[in-house]
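Structure assessment
Residue strings, one per chain:
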Amino acid sequence: MSRIAALAYSGGLDTSCAIAWLKEDYGFDEVIAVLVDVGQEFDLDASLARGRAAGADDVVLLDRKDAFANEQVAKALKANALYEGRYPLVSALSRPVVAEAVASLAAEVGADAVVHGCTGKGNDQLRFELAFKATYPGVRVIAPLRDTIWTRGAEIAYALERGIPVTQTASSPYSIDENLFGRSIEAGILEDPWVAPPEDVYALTSSPDAAPPPVEVVVGFEAGLPVSLDGEELSLVELVAVLNRAAGPYGIGRIDMIENRVVGIKSREIYEAPAAIALIEAHRALEDLVLTKDELRCKRSLETRWTELVYEGLWFSPLREAIDAFVDVTQARVTGEVRLELRPSAAVVVGRRSEHALYAETLASYGEGETFPHQAAEGFITLQALETDLLAALALGKATA
Ligand code: ARG
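Owing to the predicted nature of the structure, the values given are computational and were not obtained by experimental measurement. (Residues numbered from 1 in each chain as written. Predicted model: local features only at pLDDT ≥ 70, side-chain atom pairs only at ≥ 80, totals over all residues. Heavy atoms only, no water.)

Re the sheet that holds strand S10 (residues 232–233)
Spatial ordering of the open sheet is given by S10-S9-S8-S13-S14, a layout of 5 strands whose pairing is antiparallel. Every interior strand has two partners, whereas the edge strands, S10 and strand S14 (346–353), have only one. By the bridge criterion, 4 bridges tie strand S8 (residues 215–222) to strand S9 (residues 225–229) in an arrangement that is antiparallel. The residue bridging phenylalanine 221 from the neighbouring strand is proline 226, located in S9. Strands in contact with helix H8 (residues 236–247) are S8, S9 and strand S13 (336–343); relative to S9, the strand with the most contacts, it is inclined by about 65°. (Pairing = 2+ DSSP bridges. Helix = DSSP H or I, 4+ residues; strand = E, 2+ residues; numbered from the N terminus. Contact = heavy atoms within 4.5 Å. Axes fitted to C-alpha atoms, helices over the stretch in contact; angles between N-to-C directions.)

Below is the structure:
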C-alpha cells in the first residue's frame with residue numbers, strides 16, 4: 001500500500017525541500033502539499049510550480065481566511081490578546097487553523113503522517129503538533145527541519161540540484177510569517193538586538209516619520225467584535241484589511257521586542273500589525289465604558305492567561321474554551337462606537353459611546369446638577385478606615401509604652 005504524507009506547505013524554500021526529503025529520506029510514496037490561505041501574500045502559481053518541481057503528487061489550496069478571522073482572530077480581539085503586553089499573537093493564532101486544515105485533508109485521504117516545516121527552536125512546532133494531535137488523534141507527526149539542521153546555503157544548493165526554483169523571497173535574509181492579522185519577521189541582521197530594524201523588514205507599514213496628517217476613524221462594535229468603520233459595515237476579514245491599509249502609513253502597529261519563547265530562549269522579534277493594535281486599543285476603551293469594575297479586573301487577568309495558553313500551543317484546551325465562555329458573557333454589552341485618531345506610531349482613542357455605558361455624567365460631573373450622594377461618602381470612609389484606625393492606635397500605644 002502506498003504511504004502518504006500530508007505536509008503543511010507554505011510555498012517557501014523549507015517546505016519545498018521537505019517534499020523532496022519526505023520522498024528521498026523518509027520513504028513516502030506520495031506527498032500532498034497543503035497550502036492553507038490565512039490571508040498571507042503569496043504567489044499561488046509560483047508556489048504550485050515549486051511544490052510540483054519538488055516532487056509533490058498534489059498541491060492543494062485550502063481557503064481558511066474566514067474561518068481564521070471568525071474563530072481565532074475574533075476570540076483574540078475579544079480577549080485583547082497581547083503576549084507579554086505587546087505581541088498580538090499573529091503567528092500563534094494561525095497555527096491551529098492551518099494544522100486543522102492539514103489534518104482534515106490527511107484524514108480524508110488516509111495519510112500515514114502529517115508534516116510541518118518548523119525547527120526545534122521555535123514555538124510553532126508546539127502549536128502545530130498539539131493541534132495535529134487534537135484534530136487527528138494518533139497520527140504520526142514528522143518535523144524534517146527539526147530532524148536535520150540545514151544551513152540556508154546547503155538548503156539552497158539542495159533545491160537547485162533538484163530543479164526546485166529558488167526565488168528572491170526564498171533567499172530573503174529574514175524569516176517571515178504572515179496572515180491577515182499581521183506579519184512576524186525574525187532572523188538575519190535582526191538577531192543582534194542592538195541593531196535597529198532596517199526599513200526593508202516592513203511591508204504593511206511605512207515609517208512614522210513619513211506619516212500623512214492625522215485622521216479619525218470611527219470603529220463600531222457589536223457584542224465585542226468590530227463590525228463597521230466610519231459607519232460602513234464590513235466582514236472581519238474586510239475590516240482588518242481596510243484598517244491595515246488606513247493605519248499602516250502611520251507606522252502604527254510596528255513592534256520590536258525581545259520575547260520569551262516556550263523553549264526557554266529569548267528572541268528578537270519584529271511584528272507589524274496595524275489593525276490588530278488599533279482594534280485592541282479601541283475594544284479596551286469600549287470595555288472600560290461598559291463593563292463593571294469587577295468584570296474588568298477579572299477579565300484583564302484572564303486575558304493574560306488566555307494569551308499565554310494560545311502562545312504556548314494550547315489553543316485546543318479546555319481552559320482556553322472555558323476562558324472564552326467567560327469572555328463571551330462579558331461581551332454581550334460591548335456594543336458601541338469608538339473614535340480613533342490615527343497619528344504617527346499610535347492609534348489613540350479620543351472618544352467612545354455606548355447604549356450600555358455605565359459612565360454617568362450626573363455622577364462623575366463636577367458641574368451643576370450632579371447627583372452623587374456626597375453625604376454617603378463620610379460613612380463609607382468610616383467603615384473603610386476601621387482597620388487603619390486600629391493599626392494606628394496600636395502603633396501609637398507601642399510607641400508610648
Ligand atoms: N515568535 C513568534 C511566535 O512565536 C513568531 C514566529 C513566526 N515565525 C517566523 N518565521 N517569523 O509566534
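Side note on the packing of helix H4 (residues 90–109) against helix H5 (residues 124–135)
At a minimum axis separation of 8 Å, H4 and H5 run at an interaxial angle of 40°. Looking at the two axes, H4 sits oblique to H5. Judged by the sense of rotation from one axis to the other, the crossing of H4 with H5 is right-handed. Between H4 and H5, the residues in contact are Ser91, Ala92, Arg95, Pro96, Val98, Ala99, Glu100, Val102 and Ala103 and Asp124, Arg127, Phe128, Ala131, Phe132 and Thr135, respectively. Residue composition of the contact of H4 with H5, grouped by class: 9 nonpolar, 2 polar and 4 charged. (Parallel < 35°, antiparallel > 145°, perpendicular 65-115°, else oblique. Left-handed = near helix turned anticlockwise from the far one by under 90°. Nonpolar A, V, L, I, M, F, W, Y, C, P; charged D, E, K, R; others polar.)

Quick look at unusual backbone geometry
Positive phi outside glycine occurs at alanine 187, with the angle close to 75°. Inspection of the secondary structure puts alanine 187 in the loop between strand S7 (182–186) and S8. The backbone of alanine 223 sits at a positive phi, close to 45°, despite the residue not being glycine. Within the fold, alanine 223 resides in the loop between S8 and S9. When its relative accessible area of 38% is taken as the criterion, alanine 223 is described as partly exposed. (Buried < 20%, exposed > 50% of the residue type's maximum accessible area, 1.4 Å probe, protein only.)

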